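# Per-entry structural report
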Amino acid sequence: MAEVVGPRIYSCYNCRNHVCLHDDIISKAFQGRHGRAFLFSHAMNIVVGPKEDRQLMTGLHTVADIYCGDCREVLGWKYERAYEETQKYKEGKFIFEKSKITKENW
């Protein structure tokens, strides 16, 4: 009998709220505030904070912190705008800090 396997999900490390899907990872080669971070195309069950301009390693970006929809833990940020042409692919994408998410259904 075949095993039914659901989507591989990442959850908030604090409360286990589902926040993103493994299949939505664009890159694992990002740096967050607290170490390694992943770039995702989509997120779920999060709250997006106010936009602000932030000087990051790859230049000036307009970003908004993202929070867990349940416990309000800061999990990373959303790229709202990239000012450099080579960074435009990040617009509308989400950074999740690896230390702030945990694997579910793996």
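Computed from a predicted model, the values in this text were never measured in an experiment.

Taken together, the side chains of Arg 8, Lys 28, Arg 36, Lys 98 and Lys 103 define a basic patch exposed on the protein surface. Examined against the element boundaries, Arg 36 turns out to sit in strand β4 (residues 35–40).

Under the counting rule described, the total for this entry stands at zero disulfides. In this structure Cys 12 is not part of a disulfide, and its nearest cysteine sulfur, from Cys 71, lies 3.7 Å away.

With that settled, the discussion passes to the pattern of salt bridges. Scanning all chains against the criterion turns up six salt bridges. Between Arg 54 and Asp 65 there is a salt bridge whose closest N-O contact spans 2.9 Å. Within this pair, whereas Arg 54 is found in strand β5 (residues 46–56), its partner Asp 65 is found in strand β6 (residues 59–68), the two being separated by 11 residues in sequence. Classification of Asp 65 as buried rests on a relative accessible area of 15%. Of the charged contacts in the structure, one is a salt bridge between Lys 100 and Glu 73, with a shortest N-O distance of 2.9 Å. Of the two residues, Lys 100 sits in the loop between β8 (94–97) and β9 (101–104) while Glu 73 sits in the loop between β6 and β7 (74–82), which places them 27 residues apart along the sequence. Judged by relative accessible area, which is 13%, Lys 100 ranks as buried. Classification of Glu 73 by relative accessible area gives partly exposed; the value is 21%.

We classify Arg 54 as buried; its relative accessible area is 15%. A polar atom in the side chain of Arg 54 sits 3.0 Å from the side chain of Glu 52. Not counting residues up to four positions away in its chain, the partners in contact with Arg 54 are Arg 33, Gly 59, Leu 60, His 61, Val 63, Asp 65 and Trp 77.

Note: strand β3 (residues 25–32) against β4, five bridges, orientation antiparallel. Counterpart to Gln 31 in the pairing with β4 is Arg 36.

Rules and cut-offs
Residues numbered from 1 in each chain as written. Predicted model: local features only at pLDDT ≥ 70, side-chain atom pairs only at ≥ 80, totals over all residues. Heavy atoms only, no water. Patch = residues over 30% accessible without salt bridge, like charges linked within 9 Å, V, L, I, M, F, W, Y side chains within 5 Å. Areas by Shrake-Rupley, 256 points an atom, 1.4 Å probe, with all protein chains shown as cover. Salt bridge = Lys/Arg side-chain N within 4 Å of Asp/Glu carboxyl O. Lys, Arg positive; Asp, Glu negative; His and termini not counted. Charge placed at Lys NZ, Arg CZ, Asp CG, Glu CD. Helix = DSSP H or I, 4+ residues; strand = E, 2+ residues; numbered from the N terminus. Disulfide = S-S within 2.5 Å. Buried < 20%, exposed > 50% of the residue type's maximum accessible area, 1.4 Å probe, protein only. Polar contact = N/O pair within 3.5 Å; in protein donor to acceptor, adjacent residues only side chain to side chain. Contact = heavy atoms within 4.5 Å. Pairing = 2+ DSSP bridges.

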